[in-house]
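Residues per chain, in single letters:
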Amino acid sequence: MKGYEKYIPFVPQPIENRTWPDNLITKAPTWCSVDLRDGNQALIDPMNMEEKLDMFHMLVDQIGVKEVEIGFPSASDTDFAICRELIEGGHIPDDVTIQVLVQARPHLIKRTFEAIQGAKHVIFHFYNSTSTLQRKVVFGLDKAGITKIATDAADLIYEMAQPVLASGMDLRYEYSPESFMGTEMDYAVEICAAVLDHLHAAPEHKVILNLPTTVENCMPNQFADELEYFIRKLPGRDRAIISLHPHNDRGCGVATTEAGLLAGAERVEACLFGNGERTGNVDMITVAMNMYVQGVDPELDFSNIDEIRQLYERCTKMRVPERQPYAGDLVFTAFSGSHQDAINKGFNYMEQSGTGKWEVPYLPIDPTDLGRVYEPIRINSQSGKGGAAFIMNHKFGFDMPKAMHPEFGEIVQEESDRTGKELKSDVIFQLFKEHYLDINAPYRLVKHAFHEETVDGKSHVTFTGTIEIDDTRFIVVGEGNGPIDAFFNAIHGQKMDKYTFVDYKEHAISNGSDSQAVAYVQLRRQDGSDIFGVGLSHNINLAPLRAILCAINRDKLQRRKAEAEAAQASER
Ligand code: KIV
Ligand code: ZN
């Protein structure tokens, strides 16, 4: 037998005229966080009291979750203690409901009632396993036996709840047919309907029917079929709130949740960052933010995702992966050149068009909505020419002319090929400095003066300068209709005059209170190829001259290097 042959394929629930594929998610479900229970029980080191309190406060105060499953008070003293601390310590806001989980067993139910004394709003959540596999392998019971466990528990809970309700507690019930996904749907309907009856559920006293994907063992569409079938068949559907509790064994927890919402679910139990047993519970953040980017208010606040992540990582000692949707370190980064260019264009388009909509390719969400900055494009050997220019512009304020992007991109590319590593923005700036800003040899402008005269509205400039090369100084003088023209005329006849001026761009650049002019100059060599130079100065006339000298020097240095390499090669 081959390995895969030992598995029993999932048997889909047949359903006619399914309607869920035509539905849309148009409003937020009721959210219930199970971080302190399902999430906590799956941790190598479960949270201590302080960590649980921090997590609870973040969930309710910062994120705005209104229902929180705080533990399994009958199962452990620490869960009992946190329940008491939350109630007695006044940690629970008036609009928040705590939820406590218990197995459908009498002594545990009694202990759970002790744990919730004094709370204002409580969901009493009980469960038993209903799937074919669990009935056969774990309980050795038939359907009637499993149903009896659930209805006996419902009776006891209902009976014990009466004095509690009379005392003024807002107590509601939740039942989970554990392993719902692997339960025959007709039987799931039967047991849930029986539980509703035993709990005296009514439209004005709805019971939460939580339908867990305890182990995710079918595709999201098959789950949606199950759910639509279940809801259609449930007698007195308006007595129930249909809740999802998806796990993620097939990696489809988010898709299953969304499919379940399409199929009629109204409530979702989830954990932050998908923490939880095995592959985790469904990630509340991803489901919520998926709604958000479809224009639906998720009614949860993730506008400071980094802070949420830090607290989560501290309390759970888990690590959020780099590619975790919305929260991972790398999710607002593009390495591919074509992606970088498109993002760049998206930002420009938004700025120029004034569109109020988010229209940036490859960035499905505005990172600032999560309190993250757009960590500009990051550069590795896959990156294109535009990425480095984007960083120089958005991070350092150097807005190079488009024609210069390939030249600087090549410098950056060579470096990333050489190191084989991602280049951080400070390294990119360093390359820019080294290849442009710091180039002031072999030609150096030692001193200079401009004389400007305007006759009949026409400007006339005379440039006088002393230039040094390799310890030799010479004086140049030239006239023109502007500083660049005058300078070019001044160097005419010198060895440095082998270039045609193609283009130039200048803009202000400020660093704190200091503002300078930066000029970019494009020169054409005699062989038709182009070379760029950059000049920085407080004087707007001097910046372009520095840029011209920079371009000439860069060319000279490149030639010297090529000659030295050729000489070395011929010696060999
Ligand atoms: O996954 C599950 O089935 C559960 C239940 C206890 C609700 O966590
Ligand atoms: Zn679970």
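Residues numbered from 1 in each chain as written. Chains lettered and ligands numbered in written order. Predicted model: local features only at pLDDT ≥ 70, side-chain atom pairs only at ≥ 80, totals over all residues. Heavy atoms only, no water.

Side note on the overall build of the chain
Step number 1: Assigned secondary structure in the chain consists of 17 helices and 14 strands.
Step number 2: Taken against the 2.2 N^0.38 rule, which gives 25 Å for 572 residues, the C-alpha radius of gyration of the chain at 35 Å runs more than 25% over that of a compact globule.
Step number 3: For the chain, the spread of C-alpha atoms along the principal axes amounts to about 105 × 60 × 45 Å.
Step number 4: Within the chain, buried positions represent 50% of all 572 residues.
Step number 5: Sequence-distant contacts, at least 24 apart, represent 67% of the contacts inside the chain between residues at least 6 apart.
Step number 6: As presented, the chain carries roughly 27,100 Å² of accessible surface, and 50% of it is formed by carbon and sulfur atoms.
Step number 7: When the 57 positive and 84 negative side-chain charges of the chain are each reduced to one mean point, those points stand 5 Å apart. (Helix = DSSP H or I, 4+ residues; strand = E, 2+ residues; numbered from the N terminus. Rg over C-alpha atoms; globule rule 2.2 N^0.38 Å. Buried < 20%, exposed > 50% of the residue type's maximum accessible area, 1.4 Å probe, protein only. Contact = heavy atoms within 4.5 Å. Areas by Shrake-Rupley, 256 points an atom, 1.4 Å probe, with all protein chains shown as cover. Lys, Arg positive; Asp, Glu negative; His and termini not counted. Charge placed at Lys NZ, Arg CZ, Asp CG, Glu CD.)

Some details on the sheet that holds strand S1 (residues 30–33)
Step number 1: The eight strands are arranged S1-S2-S3-S4-S5-S6-S7-S8 in a closed barrel whose pairing can be described as parallel. The average angle at which neighbouring strand axes cross in this sheet is 25°, direction not considered.
Step number 2: With four bridges connecting them, strand S2 (residues 67–71) and strand S3 (residues 97–103) associate as parallel partners. Bridging from a neighbouring strand, Glu69 pairs with Gln99 of S3.
Step number 3: Relative to the sheet, helix H10 (residues 284–292) contacts S1 and strand S8 (267–270), its axis offset from that of S1 by approximately 160°. (Pairing = 2+ DSSP bridges. Axes fitted to C-alpha atoms, helices over the stretch in contact; angles between N-to-C directions.)

Structural notes on the layout of surface pockets
Step number 1: Here the largest pocket defines a volume of roughly 860 Å³.
Step number 2: What lines the largest pocket is a set of 27 residues, among which Ile8, Phe10, Thr132, Gly182 and Asn217 lie closest to the centre.
Step number 3: A total of four residues in the lining of the largest pocket trace back to one element, the largest contributor, which is helix H5 (residues 132–139).
Step number 4: For the lining of the largest pocket, the class distribution of residues is twelve nonpolar, ten polar and five charged.
Step number 5: As a volume, the second largest pocket reaches approximately 550 Å³.
Step number 6: Taken together, 20 residues form the lining of the second largest pocket, with Ile411, Glu414, His435, Arg554 and Gln558 sitting closest to its centre.
Step number 7: At the level of elements, helix H14 (405–419), helix H15 (425–437), strand S14 (530–537) and helix H17 (542–571) are the ones that each hand at least two residues to the lining of the second largest pocket. (1 Å grid on protein atoms, 1.4 Å probe; cavity = no way out; pocket = protein on both sides within 12 Å on 5 of 7 lines; lining within 4 Å. Points joined across faces, edges and corners; volume = space filled by probe spheres on them. Nonpolar A, V, L, I, M, F, W, Y, C, P; charged D, E, K, R; others polar.)

Some words on the packing of aromatic side chains
Step number 1: Applying the stated criterion across every chain, the model contains 18 aromatic pairs.
Step number 2: Both rings, one in Phe113 and one in Phe124, keep their centres 4.4 Å apart while their planes meet at 25°; by these two values the pair is stacked. One end of the pair, Phe113, is in helix H4 (residues 106–115); the other, Phe124, is in strand S4 (residues 121–129), with eleven residues separating them in the sequence. In this structure, Phe113 and Phe124 share a single accessibility class: buried.
Step number 3: Between the aromatic rings of Phe347 and Phe390, the centroid separation amounts to 6.2 Å while the plane-to-plane angle is 40°, which identifies the pairing as tilted. (Phe/Tyr/Trp six-rings, centres within 6.5 Å; stacked < 30°, edge-to-face > 60°.)

Description of the pattern of salt bridges
Step number 1: Here the structure, examined in full by the defined rule, presents 35 salt bridges.
Step number 2: Put simply, Asp497 and Lys498 hold a salt bridge, and the shortest N to O gap is 3.2 Å.
Step number 3: Judged by relative accessible area, which is 22%, Asp497 ranks as partly exposed.
Step number 4: Through salt bridges with shared partners, a single ionic network connects Glu67, Arg172, Glu174, Arg267 and Glu269. (Salt bridge = Lys/Arg side-chain N within 4 Å of Asp/Glu carboxyl O.)

Looking at the site of ligand 1
Step number 1: Around ligand 1 lies a shell formed by Arg37, Asp38, Leu101, His125, Tyr127, Ser176, Glu178, Asn210, Pro212, Thr214, His245 and His247.
Step number 2: The separation between an oxygen atom of ligand 1 and a polar side-chain atom of Arg37 is 2.9 Å.
Step number 3: Side-chain polar atom of Thr214 to an oxygen atom of ligand 1: 2.5 Å apart, as the coordinates give it.
Step number 4: Look at ligand 1: alone it shows 260 Å² of surface, and the protein chains cover 94% of it.
Step number 5: At the level of secondary structure, the elements contributing two or more residues to the shell around ligand 1 comprise helix H1 (35–41), S4, strand S5 (170–178) and strand S6 (207–213). (Near = heavy atom within 4 Å. Polar contact = N/O pair within 3.5 Å; in protein donor to acceptor, adjacent residues only side chain to side chain.)

Some words on the sheet that holds S14
Step number 1: Strand order across the open sheet formed by three strands is S12-S13-S14, with antiparallel pairing between neighbours. In the strand order of this sheet, the two ends are held by strand S12 (500–511) and S14, each with one partner. Pairwise comparison of adjacent strand axes, ignoring direction, gives a mean angle of 15° for this sheet.
Step number 2: Sheet topology places strand S13 (residues 514–524) next to S14; eight bridges connect them, and they run antiparallel. Bridge assignment links Val521 to a residue of S14, and that residue is Gly533.
Step number 3: Contacts between H17 and the sheet are confined to S12, S13 and S14, with S14 contributing the most and set at about 135° to the helix.

Let's talk about unusual backbone geometry
Step number 1: Along the chain, Ala441 connects to Pro442 via a cis peptide bond; the corresponding omega equals 5°.
Step number 2: Its place among the elements puts Pro442 in the loop between H15 and strand S9 (443–455).
Step number 3: You will see that Asp471, though not glycine, has its phi angle at about 70°, which is positive.
Step number 4: Among the structural elements, Asp471 can be located in the loop between strand S10 (458–469) and strand S11 (472–480).
Step number 5: Residue classification places Asp471 among the exposed residues on the basis of a relative accessible area of 78%.

Here we look at helix H12 (residues 337–353)
Step number 1: Given a rise of 1.5 Å per residue, 17 residues ought to cover 24 Å, and the 24 Å separating the end C-alpha atoms of H12 matches this to within 8%.
Step number 2: Those residues of H12 not exposed but buried are Gly337, Gln340, Ala342, Ile343, Asn344, Gly346 and Met350. (Expected span 1.5 Å × (residues − 1).)

Structural notes on the pairing of strand S7 (residues 240–246)
Step number 1: Most of S7 sits inside the fold, with seven of its seven residues counted as buried.
Step number 2: Examined bridge by bridge, S6 and S7 share seven bridges and lie parallel to one another. Note on S7: the bridge partner recorded for Leu211 is Leu244.
Step number 3: Chirality of the crossover, the property in question, places the unit of S6, helix H8 (residues 220–233) and S7 among those that are right-handed. (Right-handed = clockwise from strand over helix to strand, strands pointing away.)

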